[in-house]
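Each chain, letter by letter, is given below.
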Amino acid sequence: MKAVGFLILAAASINTVAGFQLSTSKRITTTTVPTQLTMTSTTENPPSNADHTLYDLPVSNNGARCRIILYKKNISTKQVEIISPMTLGGLKSEEYLKKSPQGLMPCLSIQKKDNPYGITSLAESDTIARYLLSEYSTLSPSFLPDHPKSNQICRWHDMYLTTIQGCLYKPASRFPIGDYADRKSAIAAYRKNLNIIESFLGEEESNYLCGEEVSLADAALFPSAVFAAYILPKFDEDLENPQPALPPRLRKWFDNLRKNDEVFSKVYDEIMDPLVHSWEETNHRWDTIWLAGLRDTAPGTLFDKIIAGDIPASIVKEDDHILAFKDITPLAPAHILVIPKDRNGLTNLRQATAEHTDILGRLLVAAGEIAKDTSLGFGDGARIVINDGEDGGQEVHHLHVHVLGGRKMEATFG
């Protein structure tokens, strides 16, 4: 199913649903839930008589936070209509960028006649969510907008999860992601921050993150947990014995809401449908993503043994990322090899992608620093070489930089 042309009617019709029995023998409050999403192939901008228009798509986990509020509060399409950004020409169209300057989802257009705010559109999901809670504060549930634990979870989620969630599905060309230069470190940080959020939870079991009433934290975190639960296992080093995608208490909370709260179950289905059918089955998104569909399956080399300390080496420079040591068969009075500690697919330079930009830079900076070290025998400069493949004279299939000096190099190459 293509993402283009979704028209989401937040509450075109609603069905009253009875309470659901929980695994904790407690019951979720009766609620009303909208029917299935309606799709349209139009790319025209339909006129809307609603007070607000929420531009969003089902797969948007940030937009899902706002949809949970709409569904839980039974906000009608007269109040908020949910429409695909494709009706404006897409996320990067001129018309949509006027409303959402970063071209991201969700975006809320304020069309009501008595608009006292001096702004006609809102971007960023937390801003939109809090606006909806304020605008429709007389409708239950409240989502506990002033609850400190809820606000802490929301803030942590928005600062340290959503800013790097692209590591789960974006191609190498989109790196760096946030503060992380490569996918492996970004995924490690994503897991770390899920565990930090887990640490915010108390020991008491409850239906929702802040007790027996749904909070904004539930609305913010649940859609991201859908992404994490489905996508993180694709990146496990041991696919036969994957590590849990979610920490234990978050997993229990997630499974409970997915199974027993009809609104959260609905949003789960909204997100999962395009994830599975469009992203994976149709577009094969993860087939070409490093550490998911693409992995380093080449055999280890003697460099791995040097890094592990199993083979001795005369080490001249080392940090968390690189190791430099003297070549045992030097081709010049000073001959140092600089290697990445984590090969990360770099059997040779031709395997490099944008995800390797940081380590390649570190290797060259280290090579330059070594070339200035007169104690190693270097004089006025050095020849810095990367051999690539059999034709290039590469002997060890673990990317390495040769730093040669101590004499004047010949002007010929090849």
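These numbers come from a predicted model, not from an experiment.

**Q** What exactly am I supposed to notice about the overall build of the chain here?
**A** When helices and strands are counted, the chain shows 10 helices and 13 strands. Classification of the 414 residues of the chain by burial places 48% in the buried group. In the chain, of all internal contacts separated by at least 6 residues, the share reaching a separation of at least 24 is 68%.

**Q** What am I meant to see in the sheet that holds strand 9 (residues 315–318) here?
**A** Strands in a sheet are paired, the pairing made by backbone hydrogen bonds, and the direction either parallel or antiparallel. Read across the open sheet, the 5 strands follow the order 9-10-11-13-12; overall the sheet is antiparallel. Whereas interior strands pair on both sides, the edge strands pair on one side only; in this sheet they are strand 9 and strand 12 (383–385). Going across the sheet, the axis of each strand differs from the next one's by a mean of 20 degrees, ignoring polarity. In the sheet, strand 9 pairs with strand 10 (residues 322–326) via 3 bridges, with the strands oriented antiparallel. Residue pairing for strand 10: Glu-318 is matched across the bridge by Leu-323. Taken strand by strand, helix 10 (residues 357–371) contacts strand 9, strand 10, strand 11 (334–340), strand 12 and strand 13 (401–405), and its axis lies near 160 degrees from that of strand 11.

**Q** What am I meant to see in the pairing of strand 11 here?
**A** Within a regular beta strand, the side chains point alternately toward one face of the sheet and then the other, so they alternate between its two faces. For strand 11, the buried fraction is high: 7 of the 7 residues fall into the buried class. The side-chain alternation of strand 11 yields two buried faces, one formed by Ala-334, Ile-336, Val-338 and Pro-340 and the other by His-335, Leu-337 and Ile-339. Two strands pair when backbone bridges link them, and strand 10 and strand 11 are joined in this way by 5 bridges, in the antiparallel orientation. When the sheet's bridge partners are listed, Ala-324 is paired in strand 11 with Val-338. Across 5 bridges, strand 11 lies against strand 13 in antiparallel orientation. Across the sheet, residue Leu-337 finds its bridge partner in strand 13, namely His-402.

**Q** Looking at this model, I keep getting lost on the environment of Leu-122. Mind explaining?
**A** Within the fold, Leu-122 resides in strand 8 (residues 121–123). With 12 residues separating them in the primary sequence, Leu-122 and Ile-110 have C-alpha atoms 7.8 Å apart. Each residue touching Leu-122, except ones within four places of it in the same chain, is listed here: Cys-107, Leu-108, Ile-110, Thr-127, Ile-128 and Tyr-131.

**Q** How should I be thinking about the packing of aromatic side chains in this particular structure?
**A** For any two aromatic rings, the description comes down to two numbers: the centre-to-centre distance and the angle of the planes. Applying the stated criterion across every chain, the model contains 15 aromatic pairs. Geometrically, the ring pair formed by Phe-227 and Trp-279 is edge-to-face, given 6.1 Å between the ring centres and 90 degrees between the ring planes. Of the two residues, Phe-227 is situated in helix 6 (residues 216–231) and Trp-279 in helix 8 (residues 262–282); the sequence distance between them amounts to 52 residues. Classification of Trp-279 by relative accessible area gives buried; the value is 11%. Chaining the aromatic ring pairs together yields one cluster made of Tyr-208, Phe-222, Trp-253, Phe-254, Phe-264 and Tyr-268. Of note, Lys-234 hangs over the ring of Trp-286, and the distance from its end group to the ring centre comes to 5.0 Å. The lysine or arginine in question, Arg-258, covers the ring of Tyr-268, its NZ or CZ lying 5.4 Å from the ring centre.

The rules behind these values
- Residues numbered from 1 in each chain as written.
- Predicted model: local features only at pLDDT ≥ 70, side-chain atom pairs only at ≥ 80, totals over all residues.
- Heavy atoms only, no water.
- Helix = DSSP H or I, 4+ residues; strand = E, 2+ residues; numbered from the N terminus.
- Buried < 20%, exposed > 50% of the residue type's maximum accessible area, 1.4 Å probe, protein only.
- Contact = heavy atoms within 4.5 Å.
- Pairing = 2+ DSSP bridges.
- Axes fitted to C-alpha atoms, helices over the stretch in contact; angles between N-to-C directions.
- Phe/Tyr/Trp six-rings, centres within 6.5 Å; stacked < 30°, edge-to-face > 60°.
- Lys NZ or Arg CZ within 6 Å of the ring centre and 35° of its normal.

These results come straight from atomic positions and should not be treated as a statement about function.
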